[in-house]
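# A look at the structure
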Amino acid sequence: MQPTPDRWYNLASLLMVSMMGAAVLTLLPLWVGGLSDQGTFSEKQIGWLAAADVIGIFASSASAILWVRLVPWKQVTLAGLVLFLIGNLLSLGTTDFTLLMACRILAGVGCGAAYAVALAGLGDHRRPPLAFGLMVTAQVTFGTIGFFAVPRIMEVWQVNGFFHYLNGWLAVTLLLCAICFPRSQRTAAGPQSAGLGPLIHGKSLLVFATTVVYYCGVSAVWAYLERIGVDMGLAGAEVGDLLGIGFAISGLGSLATPLASRLTGRSFALAISIAFQVGTMAVLMGEHSGNAYLLYATTSIVFQFFWSFTIPLLMDQFNRVDDTGRFIVLCASAFKVGEIIGPPLAASLIGPFGYAGVLALGIGSVVLALCMALVTESRPESAVASVPAAGSL
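In this text the structure is predicted, and so the values were computed from the model without any measurement.

### A few points about the overall build of the protein chain
A tally of helices and strands in the protein chain yields 15 helices and zero strands. Against the compact-globule benchmark of 21 Å for 393 residues, the protein chain has a radius of gyration of 20 Å, which places it among compact chains. Its C-alpha atoms give the protein chain principal-axis dimensions of roughly 60 × 45 × 35 Å. Taken across its 393 residues, the protein chain has 57% of its residues classed as buried. Sequence separation of at least 24 residues holds for 86% of the intrachain contacts in the protein chain that already meet a minimum separation of 6. Total accessible area computed for the protein chain in this model is approximately 14400 Å², and 69% of it derives from carbon and sulfur atoms. Positive and negative charge centroids in the protein chain, built from 18 and 18 side chains respectively, lie 14 Å apart.

### Brief notes about the environment of V278
With respect to the element layout, V278 can be found in helix α12 (residues 266-285). Each C-alpha atom, one on V278 and one on V367, is 7.7 Å from the other, the two residues being 89 residues apart in sequence.

### Side note on the packing of helix α3 (residues 28-38) against helix α7 (residues 128-157)
The geometry of α3 relative to α7 is characterised by a closest axis approach of 10 Å and an angle of 20° between their N-to-C directions. When the interaxial angle is binned, α3 and α7 end up roughly parallel. The two elements α3 and α7 cross, and the hand of that crossing is right-handed. Across from P29, L30 and G34 in α3, the residues of α7 making contact are G146, F147, V150, P151 and M154. Its residues placed into classes, the contact of α3 with α7 shows six nonpolar, two polar and no charged.

### Focus on the packing of aromatic side chains
Counted under the stated rule, the structure contains 18 aromatic pairs. Their ring planes at 70° and their centres at 5.9 Å tell us that Y214 and Y215 sit as a pair that is edge-to-face. Overall, Y215 belongs to the buried group, its relative accessible area being 4%. Between the aromatic rings of Y224 and Y355, the centroid separation amounts to 6.3 Å while the plane-to-plane angle is 40°, which identifies the pairing as tilted. Taken together, the residues Y224 in the loop between α9 (202-223) and α10 (225-231) and Y355 in helix α15 (residues 355-378) connect sequence positions 131 residues apart. One aromatic cluster is present, formed by F147, Y214, Y215, W222, F303, W307 and F335 through successive ring pairs.

### Considering helix α13 (residues 292-320)
With 29 residues, α13 ought to run about 42 Å at 1.5 Å a step, and its terminal C-alpha atoms sit 43 Å apart, in line with that. The buried fraction of α13 amounts to 23 of the 29 residues, a majority that puts the element mostly inside the structure. Near the N-terminus of α13, the side chain that reaches the backbone nitrogen of Y293, with its oxygen 3.0 Å away, is that of N291.

### Some thoughts on a nonpolar patch on the surface
Residues F148, I245, I249, L252 and L255 make up a contiguous nonpolar surface patch of roughly 410 Å² in combined accessible area. It is helix α11 (residues 236-264) that contributes the most residues to the nonpolar patch, four residues altogether. Mapping L255 onto the fold places it in helix α11.

### Some thoughts on unusual backbone geometry
Positioned with a positive phi, Q158 is a non-glycine residue whose angle comes to about 55°. Relative to the helices and strands, Q158 is located in the loop between α7 and α8 (160-180).

Calculation notes
- Residues numbered from 1 in each chain as written.
- Predicted model: local features only at pLDDT ≥ 70, side-chain atom pairs only at ≥ 80, totals over all residues.
- Heavy atoms only, no water.
- Helix = DSSP H or I, 4+ residues; strand = E, 2+ residues; numbered from the N terminus.
- Rg over C-alpha atoms; globule rule 2.2 N^0.38 Å.
- Buried < 20%, exposed > 50% of the residue type's maximum accessible area, 1.4 Å probe, protein only.
- Contact = heavy atoms within 4.5 Å.
- Areas by Shrake-Rupley, 256 points an atom, 1.4 Å probe, with all protein chains shown as cover.
- Lys, Arg positive; Asp, Glu negative; His and termini not counted.
- Charge placed at Lys NZ, Arg CZ, Asp CG, Glu CD.
- Axes fitted to C-alpha atoms, helices over the stretch in contact; angles between N-to-C directions.
- Parallel < 35°, antiparallel > 145°, perpendicular 65-115°, else oblique.
- Left-handed = near helix turned anticlockwise from the far one by under 90°.
- Nonpolar A, V, L, I, M, F, W, Y, C, P; charged D, E, K, R; others polar.
- Phe/Tyr/Trp six-rings, centres within 6.5 Å; stacked < 30°, edge-to-face > 60°.
- Expected span 1.5 Å × (residues − 1).
- Polar contact = N/O pair within 3.5 Å; in protein donor to acceptor, adjacent residues only side chain to side chain.
- Patch = residues over 30% accessible without salt bridge, like charges linked within 9 Å, V, L, I, M, F, W, Y side chains within 5 Å.
- Salt bridge = Lys/Arg side-chain N within 4 Å of Asp/Glu carboxyl O.

Everything listed here is a matter of geometry and, on its own, says nothing about what the molecule does.
In structure tokens:
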């Protein structure tokens, strides 16, 4: 009955927290779409609001490398989730840009602290790739339900419906964490006491930069994927349903990652995944003379599947360049840096280039990220640290 990440009920609490840690990004197209339909903010302001939560998440999760093995996990996680909830409540009905930005950054600070703890807990699992794959699956489940439910909730409560959906899940997560959240499986002694020096080196910086570049591209496309579908002539409800179906199917991608990478090797698995993502974005950039519904359904589903497939591979690189169990928390920070850059940069490209500019940004970013990831994978195993685990993979 020890509260370890390997117990299914303790793992469930970690997965719920990690699910909420990515909640805003998961439903970002609906958040951006709701703000656009509201007509209160400019395109540039919407781009910054799309990145506001991420700014807060980055601020708190980046600092976690200093404290994640020193603090009581349950108390920090509960406090972070409560702050996330308060930020959502303060956002209800807010139409002032500066005030709404502040509320979303506040929510992000709480979200990021809880998310960092959850990532460290998942890294402590005896089979980290499996734990990370389950994390993506949990996020996919959240998004699948959301893409069907949130558009209908927003028909009644407009943008406020977005926060009502988040708060419902937060209430469940808070209850589960209060009952069965695990403890850290690594002490603050030994490598932890050596400070940041051993963690900051060429390999770790490359891994961090790879994830930043990748998420800059995919978050830019993801933020405007709903708008791209509407621009193709589809109804908002149709787009939401297709994104929900794609999310449901994408869960299979993260579950397939451990098996596929073991059979083909991580480098080949990464290359195939990026190739499919580039293909879908290139198709959306072209002229759409055929069935727009079928074209959008196919491309959005394939894009989401291989996005989910890629995430565990990138997260595993974080786990393999450090044996203290601390560097993995910066995975969240890398995600968020990319998400901070991506949507505002995409918004600035829409004016001169339309959505083709957003898609071109996505293609360039994921291709560059692949090249960087392959450099890490090409290093001999002795050059990449392995995290000790309680059991074999």
